[in-house]
Amino acid sequence: MFASIALLIKTLPEKPGVYRFLDENGTIIYIGKAKSLKKRVASYFTKTIKFPKLCVLVSKIRDIQCTVVDTEWEALLLENSMIKQFRPRYNAMLKDDKTYPWLAVSKEEYPRLYYTRSPNPKREELFGPYSSLRFMHTLLETLNRLFPIRTCRFLKKTERPCLQHQIKKCAAPCAGEISPKEYSDNIQKVIKIIKGNLSEVIKQLKTEMMLFAEMWEFEKAQLIKERLEILESYRGKSIVVNPEISNCDVFSLAEEENIAFVNFMRIVEGSIIQAFSIEIQNNLENSMEELLLMAMAEVEKRFGPLSQEVIIPFCLGIQKEKTVFTIPLRGDKKKLLDLSLKNAKISLIEKQKRVEIADSERHQNRVLLALKKDLGMKQLPKTIECFDNSNTQGDEPVAAMVLFKNGKPLKSEYRHYNIKTVVGPDDFASMYEVIKRRYGRLIDEEKLLPDLIIIDGGKGQLSAAYKALKELNIQDKVMMIGIAKRLEDIYKVGERLPIFIDKKSETQKLLQHIRNEVHQFCISHHRKRRSRKSINSELDNIKGIGKVTKEKLLKHFKSVSKIKTASYEELAELLGETKAKWMRFER
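Residues numbered from 1 in each chain as written. Predicted model: local features only at pLDDT ≥ 70, side-chain atom pairs only at ≥ 80, totals over all residues. Heavy atoms only, no water.

Time to look at helix 3 (residues 52-60). L54, L57 and V58 are the residues of helix 3 that are buried. Around the axis of helix 3, the buried residues are gathered within 95 degrees of arc, so they sit on the same side. (Buried < 20%, exposed > 50% of the residue type's maximum accessible area, 1.4 Å probe, protein only. Helix = DSSP H or I, 4+ residues; strand = E, 2+ residues; numbered from the N terminus. Arc of directions from axis to C-beta.)

Glancing now at the pattern of salt bridges. Under the definition given, this model contains 16 salt bridges. For R150, the salt bridge is made with E108, and the minimal N-O distance between the two is 2.7 Å. Of this pair, R150 sits in the loop between helix 5 (133-146) and helix 6 (163-166) while E108 sits in the loop between strand 5 (102-106) and strand 6 (113-116), placing them 42 residues apart in sequence. The class for E108 is partly exposed, based on a relative accessible area of 37%. Linking R266 and D249 is a salt bridge whose minimum nitrogen-to-oxygen distance equals 2.8 Å. Taken as a pair, R266 in strand 9 (residues 259-268) and D249 in strand 8 (residues 248-256) lie far apart in primary sequence, 17 residues in all. Accessibility expressed as a relative area gives 0% for D249, which makes it buried. By sharing partners, the salt bridges in this structure join R441, E445 and K447 into a single network. (Salt bridge = Lys/Arg side-chain N within 4 Å of Asp/Glu carboxyl O.)

A word on the environment of Q364. Note that Q364 resides in helix 11 (residues 331-375). A relative accessible area of 17% places Q364 in the buried class. Note: C-alpha distance between Q364 and K382 (18 residues apart in sequence) is 9.9 Å. Beyond its immediate stretch of four places on either side in the chain, Q364 contacts N406, G407 and K408. (Contact = heavy atoms within 4.5 Å.)

Looking now at the packing of helix 5 against helix 7 (residues 180-194). At a minimum axis distance of 11 Å, the contact between helix 5 and helix 7 shows a crossing angle of 150 degrees. What the angle tells us is that helix 5 and helix 7 run roughly antiparallel. For the pair helix 5 and helix 7, the sense of crossing is right-handed. The residues of helix 7 that touch helix 5, namely those facing L139, L143 and L146, are V190, I193 and I194. (Axes fitted to C-alpha atoms, helices over the stretch in contact; angles between N-to-C directions. Parallel < 35°, antiparallel > 145°, perpendicular 65-115°, else oblique. Left-handed = near helix turned anticlockwise from the far one by under 90°.)

Structure follows, in structure tokens:
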């Protein structure tokens, strides 16, 4: 520890506040809050630091600045504000939620109600953000049905109202059909509903309805009655817990490695009127308590003071004026906390899936770069084709090819080959035939050649395949390697010794995966051919049974064993009595 820092720590006050660590360039690298500045800052310079990142941070500290406040909660709010302003390298960072939609009421004489993804507090009063588009649109649609608020972007004075007024969807302030006071009253009711104060609005509407009824203005009373029905219907759909639970906030946290999601829900009259999740990058392995406090400070900064009751999953060790922290163990409040935690976990899982998709692409590119380096290739092997052949003592010889694009199998391009020119068990000649057929066709059709060809076999099959490439005059346009079956050694054309590749490397794993894929694809095709031949040979021994009859029998009975056990009546019904007698005699 520098002597100047040691002296500075001794002079720090034992009061709540915010501290800032600066490096040798005077750049703020970390901002933190403390109940006691002196004790908290001194704790960084003990000999029992557990985390490597924390050791790196401490080694870079050259100066310390502090700001004293009255309470620990004020320190939390100030810390959150400074982190967003200076964005220190080692702080846990809150991700912005600019993509979330907000409900906005414009600041005009006759305001309009709309949703926006670009909130501007100077021009509009904002409510949200809403993580559920469906919920937001349901609320917006309900409000538009309840109150005839204008929808036009620009208000122009006119004598003739537009179509929206005629279908009773706008009060036509442009034509003076509604007074500023009445319009303002409607807007205030809209704001109360958005904030979740449905009971207050319902009570007010019922009073107005009775007043109009007493004045014998039944049309206006009926209009308010319809609004009440809409509002009651909306409230019935919105209640998720005990309606007596009112004016409380719920926070929960889901964390994995250096990423955490804090879910926030605001409950008013048993309804969730606000819910969204905040992502936090935990760069310095902060505790769960610190992460949750950071999110709570951010929520208070955005949406104003927290509710009088805040439901949390664990003790935070902090007090806040006019706020009670509750840790429920059972009942409806525990259900609310569980619901919030479920949403936090869903947000975390969605984030992990997005990272996995992005990392998968980066991973494949990294593997291909490693393969290029290990094989000494000039270009990245984006397209790889692999060949294998199979036969049973020369009977039913077949081959197969699989194609991998960017390190992943492209099954639509897989191919089977029936060997046509080879007699007997000759794997070298079979490989020669398949390679010449495959790339002769690509040349004729003027299609692109692969970047790498893999032969599932040793030096003999590799030489036979290379001979086919030379005859096609493309031996210099594509690289070819062979994988020996026994030791899985990798050979290049013309080299006596195999290429040394770590057996546990990503390159080796990719080559093994490709080789196993083509081997399985080839074997399955060979088995089908043998099975088909076996079936055909048994039926061929029956006199009077031709190709059409064999197909009819197999289609009906599905297998030779079922044909053998079929009764005379079944055969006669399918083929006729004459063929049925022949089959019974031959069996």
